[in-house]
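Notes for the structure review
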Amino acid sequence: MKIGVADTTFARVNMGAFVVDELRKHASVAIERYTVPGFKDLPVACKKLIEERGCDIVVALGMPGGKDKDKMCAHEASQGLMLAQLMTNRHIIEVFVHEDEAENDRELAWLAERRAREHAENAVNLILRPQVLTRQAGTGQRQGFEDAGPARQ
Ligand SMILES: Cc1nc2c(=O)[nH]c(=O)nc-2n(C[C@H](O)[C@H](O)[C@H](O)CO)c1C
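Numbering of residues begins from 1 in every chain and follows the order in which that chain's sequence is written. The predicted origin of the model limits local features to residues at a pLDDT of at least 70 and limits the giving and counting of side-chain atom pairs to 80 or more, whereas totals for whole chains, interfaces and linings rest on all residues. Note: side-chain values were computed over all heavy atoms of the structure, leaving out hydrogens and water.

1. What to know about the site of the ligand
Stated formally: It suffices for a single heavy atom of a residue to lie within 4 Å of a molecule or strand for the residue to be listed as near it. Here a polar contact is taken to be a pair of N or O atoms separated by no more than 3.5 Å, where protein atoms must pair a possible hydrogen donor with a possible acceptor and residues adjacent in sequence count only if both atoms sit in side chains. Per-residue and other accessible areas follow the Shrake-Rupley method at a 1.4 Å probe size, with only the shown protein chains counted as cover for residues. Polar here means any residue outside two lists: the nonpolar Ala, Val, Leu, Ile, Met, Phe, Trp, Tyr, Cys and Pro, and the charged Asp, Glu, Lys and Arg; Gly therefore counts as polar.
Surrounding the ligand, one finds F10, P37, G38, F39, K40, D41, M63, P64, G65, D70 and C73. At a separation of 3.2 Å, a nitrogen atom of the ligand approaches a polar backbone atom of M63. G65 places a polar main-chain atom, nitrogen or oxygen, 2.8 Å from an oxygen atom of the ligand. Calculation on the ligand without its partners gives an accessible area of 490 Å², and the protein chains cover 71% of this total. Here the shell around the ligand is built from residues that sort into 6 nonpolar, 2 polar and 3 charged.

2. A closer look at the nonpolar core
Selection criterion: What is meant by a nonpolar core is a set of buried Ala, Val, Leu, Ile, Met, Phe, Trp, Tyr and Cys residues, joined one to another through side-chain atoms within 4.5 Å. Working definition: with a 1.4 Å probe on protein chains only, accessible area under 20% of the residue-type maximum means buried, over 50% means exposed, and in between means partly exposed. Strands are runs of DSSP state E lasting at least 2 residues, helices are runs of H or I lasting at least 4, and numbering of each runs from the N terminus. Residues are treated as being in contact if the distance between any of their heavy atoms lies within 4.5 Å.
Counting 26 residues, the largest nonpolar core has I3, M15, V19, L61 and M63 as its most contacted members. Of all the secondary-structure elements, those providing two or more residues to this core are strand 1 (2-8), helix 1 (15-26), strand 3 (57-62), strand 4 (92-96) and helix 4 (105-128). Looking at this core element by element, the count peaks at 8 residues for helix 4. Aside from chain neighbours lying at most four places away, what touches V19 is V5, V59, L61, A116 and A120.

3. Things to note about the sheet that holds strand 4
Here is the rule: Strands pair, by our definition, only if DSSP identifies at least two bridges between them. Lines are fitted to the C-alpha atoms to define the axes, a helix being fitted only along its stretch in contact, and any angle between axes, read from their N-to-C directions, falls within 0 to 180 degrees.
Strand order across the open sheet formed by 4 strands is 2-1-3-4, with parallel pairing between neighbours. Strands at the two margins of the open sheet, each flanked by one partner only, are strand 2 (30-36) and strand 4. On average, each strand axis in the sheet is tilted by 15° relative to the strand beside it, whichever way the strands run. Where strand 3 meets strand 4, 5 bridges bridge the pair, whose relative direction is parallel. By the bridge assignment for strand 4, L61 is matched with V95. Lying on the sheet, helix 4 is in contact with strand 1, strand 3 and strand 4; it crosses strand 4 at an angle near 170°.

4. What to know about the side chain of N125
Of note, N125 is situated in helix 4. Excluding residues that lie within four positions of it along the chain, N125 makes contacts with P130, V132 and L133.

5. Some thoughts on helix 3 (residues 68-88)
Selection rule: How far a helix is expected to stretch is found by multiplying one less than its residue total by 1.5 Å. Regarding the arc, it is the one traced by the directions from the helix axis to the C-beta atoms.
Over its 21 residues, helix 3 runs 30 Å from end to end, which matches the ideal 30 Å to within 8%, given 1.5 Å per residue. Within the span of helix 3, buried status applies to D70, C73, A74, A77, S78, G80, L81, A84 and T88. Seen from one end, helix 3 has its buried residues packed into an arc of 160°, which puts them on one side. Set apart from the buried face of helix 3 by more than 90 degrees, the exposed residues are D68, M72 and L86. N89 occupies a position one or two residues after helix 3 and carries a positive phi of about 60°.

6. Let's talk about helix 2 (residues 42-51)
All of the buried residues in helix 2 are L42, P43, A45, C46, L49 and I50. For helix 2, the angular spread of the buried residues around the axis is 165°, confining them to a single face.

7. Describing the pattern of salt bridges
Our working rule: Every case where a carboxyl oxygen of Asp or Glu lies within 4 Å of a side-chain nitrogen of Lys or Arg is listed as a salt bridge.
According to the stated counting rule, one finds 17 salt bridges in the structure shown. Across the pair R53 and E32 runs a salt bridge, and its minimum N-O distance is 3.1 Å. Here R53 is found in the loop between helix 2 and strand 3, whereas its partner E32 is found in strand 2, with 21 residues between them in sequence. Exposure remark for R53: the relative accessible area of 32% places this residue in the partly exposed category. The closest approach of N and O atoms between R117 and E113, which form a salt bridge, is 2.8 Å. Here the residue R117 and the residue E113 both occupy positions in helix 4, the gap between them amounting to 4 residues, near one helical turn. Overall, the relative accessible area of 28% leaves E113 in the partly exposed class.

Below is the structure:
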């Protein structure tokens, strides 16, 4: 099994490093890292990780800035990632941490690390232990901030 980690230099937190660290804790898998300038460059990086470097799944990490233009570009990048999944028939776990989700730099760094680590675990489970995710179905899992939990009547 091989897991790809695609990340950007635009991001203000080294989320790729946290994903690599977390993957090593959960599984003995080969890891391929590919860093690009910004999130719009992620779709082709992910496709290349899958088609040329043999990755079974990719974790794609990006950080949309706080401006309207960044948000529009994030939507476009996200569509590119979905297209890359359909073109390759492989999961690409999109891990975007919007700069304006956090109140300050300290919270941004905390959120980015936590979301990156939690999605790294999701990627391992998706390809190696899918039953773990099925057990979590409907439990309101969130990556980063607290889980929402299940809704009850
Ligand atoms: C407006 C803009 N905003 C972001 C952003 O919020 N986050 C990010 O990772 N990258 C951004 N970029 C850069 C593009 O993703 C891309 O790197 C360049 O357009 C070069 O292809 C651009 C151009």
